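# Structural overview for review
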Amino acid sequence: MRSYSKNSPQAAGRILALMMIVDGNLASSELQALDRSKILDHIDLDPADFQRLLQDLCDDMLTSTLHGSVQLSNTVIDSLLEEITDPDLRRKLLQTMWKIADADDWLADGEAVLLARAGTAWSSETNFREHATA
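Residues numbered from 1 in each chain as written. Predicted model: local features only at pLDDT ≥ 70, side-chain atom pairs only at ≥ 80, totals over all residues. Heavy atoms only, no water.

Quick look at the pattern of salt bridges now. For the coordinates displayed, the defined rule picks out 6 salt bridges. The shortest N-O distance in the salt bridge between Arg2 and Asp60 comes to 2.9 Å. Here the residue Arg2 occupies a position in the segment before helix H1 (9–21), and Asp60 occupies one in helix H4 (residues 47–62), the gap between them amounting to 58 residues. Looking at Asp60, the relative accessible area reads 12%, which means it is buried. Here Asp49 ties to Arg52 by a salt bridge, and the two come within 2.1 Å at their closest N and O atoms. Of this pair, Asp49 and Arg52 both sit in helix H4, 3 residues apart, which is roughly one turn of that helix. The structure contains a network of salt bridges with shared partners spanning Arg2, Asp56 and Asp60. (Salt bridge = Lys/Arg side-chain N within 4 Å of Asp/Glu carboxyl O. Helix = DSSP H or I, 4+ residues; strand = E, 2+ residues; numbered from the N terminus. Buried < 20%, exposed > 50% of the residue type's maximum accessible area, 1.4 Å probe, protein only.)

This part is about the nonpolar core. Core analysis: the largest hydrophobic core is formed by 35 residues, its most contacted members being Leu16, Met97 and Trp122. Residue assignment for this core shows that the elements contributing at least two residues are H1, helix H3 (39–42), H4, helix H5 (74–81), helix H6 (87–102) and helix H7 (109–123). The element that contributes the greatest number of residues to this core is H1, accounting for 9 residues. (Core = buried A, V, L, I, M, F, W, Y, C linked by side-chain atoms within 4.5 Å.)

Moving on to helix H2 (residues 28–37). Residues of H2 that are buried include every one of Ser29, Glu30, Ala33, Leu34 and Ser37, and no others. Along the axis of H2, the buried residues cluster in a sector spanning 145°; they form a single face. Seen from the open side of H2, the exposed residues pointing more than 90 degrees away from its buried face are Asp35 and Arg36. Positioned one or two residues after H2, Lys38 has a phi angle of 60°, which is positive. (Arc of directions from axis to C-beta.)

A separate point is the packing of H2 against H6. Closest axis-to-axis distance for the H2/H6 pair is 8 Å, and the angle between their directions is 150°. Taken as a pair, H2 and H6 cross one another with a handedness that is right-handed. For the pair H2 and H6, contact is made by Glu30, Ala33, Leu34 and Ser37 and by Thr96, Lys99 and Ile100, respectively. By residue class, the composition of the contact of H2 with H6 is 3 nonpolar, 2 polar and 2 charged. (Axes fitted to C-alpha atoms, helices over the stretch in contact; angles between N-to-C directions. Left-handed = near helix turned anticlockwise from the far one by under 90°. Contact = heavy atoms within 4.5 Å. Nonpolar A, V, L, I, M, F, W, Y, C, P; charged D, E, K, R; others polar.)

Listed below in structure tokens is the structure:
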């Protein structure tokens, strides 16, 4: 898996891309949810760069197939989440991740795992918890 600079547009975009494909299906409703969220503008990533990130993520994931299926370990997921350290960026990404997961009216197991791991990893940040209750 490629690594990106902490809090970079690429690191943030890859988390969003992972949220879109972790259920094994890239739904048009998820792309619409991403577009409505305006998160790509916030992280300064244009749609063409996001598409390249999505392709790069798929390419990286295909190198880690197990018995013909793509599986990401919790260690890999956690390492991707660790590239996001800014509490405000974490909150915005997590909000958008939920919008993407809800877009097709079905929470897949992979989506639930990614959301749970992000919530656990990112809520350990004191500033994240303070803002969540404010």
